[in-house]
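Each chain is listed here by its residues.
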Amino acid sequence: MGHQDVDLYDATYGQFADNLYADVRSKAFGEDIGQNGWLTAAEHDLFLSWLQLDRKSRLLDVACGSGGPTLRAARLRHCSVHGLDANKDAVKTARVQSEEAGLSDKATFETADANESLALSDASFDAVICVDAINHLRDRARTLEDWARVLKPGGRIVFTDPIVVTGPLTNEEMRIRSSIGFFLFVPPGLDELLLGEAGFELLEKEDHTDNMGRMAGSWRAARQEREDDLRRIEGDETFEGQQRFLEVTARLADERRLSRFAFCAQRGR
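Residue positions are given per chain, counted from 1 along the sequence in the order it is written. Local features are withheld for residues below a pLDDT of 70 in this predicted model, meaning they are given only at 70 or higher, and side-chain atom pairs are given and counted only at 80 or more; totals for whole chains, interfaces and linings count all residues. Working from all heavy atoms in the structure, the side-chain values ignore hydrogens and water.

### Observations regarding the packing of aromatic side chains
Here is the rule: Two aromatic rings from Phe, Tyr or Trp, using only the six-membered ring of Trp, form a pair when their centres are within 6.5 Å; if the ring planes differ by under 30 degrees the pair is stacked, by over 60 it is edge-to-face, and anything between is tilted. Secondary structure elements are defined from DSSP: runs of H or I of at least 4 residues count as helices, runs of E of at least 2 residues count as strands, and each element is numbered from the N terminus. Exposure classes here rest on a 1.4 Å probe applied to the protein chains alone. A residue is buried below 20% of its type maximum, exposed above 50%, and partly exposed in between.
In total, this model carries 7 aromatic pairs according to the counting rule given. Each ring, one from Phe47 and one from Trp50, has its centre 5.6 Å from the other, and the planes form 40 degrees; the classification is tilted. Of this pair, Phe47 and Trp50 are both found in helix α3 (residues 41-51), 3 residues apart, which corresponds to roughly one turn of the helix. Among the residues examined, Phe47 registers a relative accessible area of 0% and is labelled buried. For Trp50, a relative accessible area of 7% gives the class buried.

Below, the structure is given as structure tokens:
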């Protein structure tokens, strides 16, 4: 039987503000910060500390989704934020949430394809963050060079790469793990190499694979509890595809065959 990509993002962002999805996120993550990946509030706190943000900082969030973590950064660090995402529904939701939170003076959002050179001025940001999305961008070297371009000298980036191959993978496992769109599977060490070539100094690298496995498993379980409601919204094919995706993600992480690393690096002065 032929394979169809699971339309995870349209299904999720199209109903993101719905109480059903909020309930699933709350059960899956413990603390709902509007995330839609493997990010937890504790991780987000760590990443913000790495970025050394303050009231004068301007943060760019690449692949910001519906803006929950982006707005959280603005609230906690009192900085200005600018979120980019390719999904129009996600950006629309982010703008509504910004208005409702009274953060319109600090937060802006726009639809943009981060595969392309960003339509942003050189040296216009103090920090860049990209959580669990760099693996969806086709040219890693060009992406990092573009992030360096929009950063001020001495500015910092934080990103997580959840698709680092650290063990044997079957073609079926890779197919399911990449069933929600374009994925770039990379070997250990490539991110560090490309950071250096783009003019960054690596400051932090941490293994966050355990968190990915735990979050994938709890997200799958939370969705299973609301199976009937989710099937009505997503349809059988998308629901089952997402559950299969989460099961494989959790297993590959638990077995340390596909890993997730967090990086913090500084642009040269």
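So, next bit.
### Digging into the nonpolar core
Generally speaking, a soluble globular protein has its nonpolar side chains buried in company with each other. Put simply, the rule is: For this analysis, a nonpolar core means a set of buried residues of the types Ala, Val, Leu, Ile, Met, Phe, Trp, Tyr and Cys, connected via side-chain atoms within 4.5 Å. Any pair of residues with heavy atoms lying within 4.5 Å of one another is described as a contacting pair.
In this structure, Leu60, Leu144, Trp147, Ile157 and Phe159 are the most contacted members of the largest nonpolar core, which totals 28 residues. Contributions of two or more residues to this core are made by β1 (58-62), β4 (125-130), α6 (140-150), β5 (151-165), α8 (190-197) and β7 (258-267). In this structure Trp147 touches Val62, Leu118, Val128, Cys130, Ile134, Leu137, Ile157, Phe159 and Phe200, once residues within four positions along its chain are discounted. By size, the runner-up hydrophobic cluster in this structure holds 26 residues, among which are Ala41, Leu51, Val158 and Cys264.

### Considering empty space enclosed by the protein
If a probe as big as a water molecule is rolled over the atoms, it shows which places are left empty. As a reminder, the rule being used: Both site types are read off a 1 Å grid over the protein atoms alone. A 1.4 Å probe that fits but cannot get out defines a cavity, while an open set with protein on both sides within 12 Å along at least five of seven lines defines a pocket; lining residues have an atom within 4 Å of a point. Grid points are joined across faces, edges and corners, and a volume is the space filled by probe spheres set on the points. Polar here means any residue other than Ala, Val, Leu, Ile, Met, Phe, Trp, Tyr, Cys and Pro, which are nonpolar, and Asp, Glu, Lys and Arg, which are charged; Gly is therefore polar.
Taken as a whole, this structure holds 2 cavities of 30 Å³ or more when the rule is applied. Each pocket or cavity is described by its volume, and for the second largest cavity that value is around 40 Å³. In terms of lining, the second largest cavity is formed by Val164, Val186, Pro187, Pro188, Gly189, Leu190, Asp191, Glu192, Lys205, Phe261 and Phe263. Secondary-structure elements contributing two or more residues to the lining of the second largest cavity are α8 and β7. Tallying contributions element by element places α8 first for the lining of the second largest cavity, with 3 residues. Counted by class, the lining of the second largest cavity contains 7 nonpolar, 1 polar and 3 charged residues.

None of the figures reported here should be taken as evidence of function without further support.
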